[in-house]
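Results of the structural survey
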Amino acid sequence: MLDDNIFLKILNGEIPADIVHEDEHCLAFRDVQPQAPTHVLIIPRKVITTHADLTEEDQQVMGHLHLVAVKLAQELGLEEGYRLVINCKDGGGQSVPHLHMHLMGGRDMKWPPG
Ligand code: AMP
């Protein structure tokens, strides 16, 4: 499964991405198939396959991802609001086996999501 981890290839610089933020804990880049005018993926550098694999030692990095989302929302002009999504496993719609947070904005969001 990890062989299909395209986000690890982006982290390792093996394939390009439109990077909007990087630091020692995470990377953020624009989604190639944006579902909103602004659609960014924020991923930890640590390989965590799904949200369900989180452990206590991941508390800090997950808090960090949220703070990066706040910073990016400000920088990318999402003052009107935004949506954060983490799809978990096949049933949750996850297609890449590396935990990632979707930051989406720039349009009105519907509820419930599909
Ligand atoms: P999910 O379905 O929650 O696993 O989200 C995976 C997301 O990764 C999708 O929105 C894809 O469009 C996006 N994606 C897949 N490959 C790439 C890539 N090489 N660069 C940027 N985004 C990608």
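Everything that follows concerns the structure shown earlier in this document.
In this text, all values refer to a predicted model and were calculated from it rather than measured experimentally.

**Some thoughts on the overall build of the protein chain**
- When its secondary structure is counted, the protein chain shows 2 helices and 5 strands.
- In the protein chain, the succession of helices and strands from N to C terminus is α-β-β-β-α-β-β.
- Relative to its length of 114 residues, the protein chain is compact, with a C-alpha radius of gyration of 14 Å against a globular reference of 13 Å.
- Reported as C-alpha extents along the three principal axes, the dimensions of the protein chain are approximately 35 × 30 × 30 Å.
- Looking at the protein chain as a whole, 37% of its 114 residues qualify as buried.
- Across the protein chain, every contact between residues at least 6 apart in sequence was considered, and the portion connecting residues at least 24 apart equals 56%.
- Here the protein chain carries 9 positive and 17 negative side-chain charges, and the mean point of each set is 5 Å from the other.

**Brief notes about the state of the cysteines**
- Summed over all chains, the structure comprises 0 disulfides.
- Unpaired in this structure, Cys26 has its nearest cysteine sulfur neighbour in Cys88, at a distance of 19 Å.

**Thoughts on the site of the ligand**
- Among the 16 residues in the neighbourhood of the ligand, the closest are listed as Asp31, Asn87, Ser95, His100 and His102.
- The contact in question runs from an oxygen atom of the ligand to an N or O atom on the backbone of Gly93, over 3.0 Å.
- Within the side chain of His102, an N or O atom sits 2.8 Å from an oxygen atom of the ligand.
- Protein chains shield 84% of the accessible area of the ligand, which is 500 Å² for the free molecule.
- Applying the majority rule of atoms within 2 Å of the grid points places the ligand in the largest pocket.
- For the shell around the ligand, the secondary-structure elements that each account for two or more residues are helix H1 (6–11) and strand S2 (26–30).
- Examining the composition of the shell around the ligand, we find that 3 residues originate from one element, H1, more than from any other.

Rules and cut-offs
Residues numbered from 1 in each chain as written. Predicted model: local features only at pLDDT ≥ 70, side-chain atom pairs only at ≥ 80, totals over all residues. Heavy atoms only, no water. Helix = DSSP H or I, 4+ residues; strand = E, 2+ residues; numbered from the N terminus. Rg over C-alpha atoms; globule rule 2.2 N^0.38 Å. Buried < 20%, exposed > 50% of the residue type's maximum accessible area, 1.4 Å probe, protein only. Contact = heavy atoms within 4.5 Å. Lys, Arg positive; Asp, Glu negative; His and termini not counted. Charge placed at Lys NZ, Arg CZ, Asp CG, Glu CD. Disulfide = S-S within 2.5 Å. Near = heavy atom within 4 Å. Polar contact = N/O pair within 3.5 Å; in protein donor to acceptor, adjacent residues only side chain to side chain. Areas by Shrake-Rupley, 256 points an atom, 1.4 Å probe, with all protein chains shown as cover. 1 Å grid on protein atoms, 1.4 Å probe; cavity = no way out; pocket = protein on both sides within 12 Å on 5 of 7 lines; lining within 4 Å. Sits in = over half its atoms within 2 Å of the grid points.

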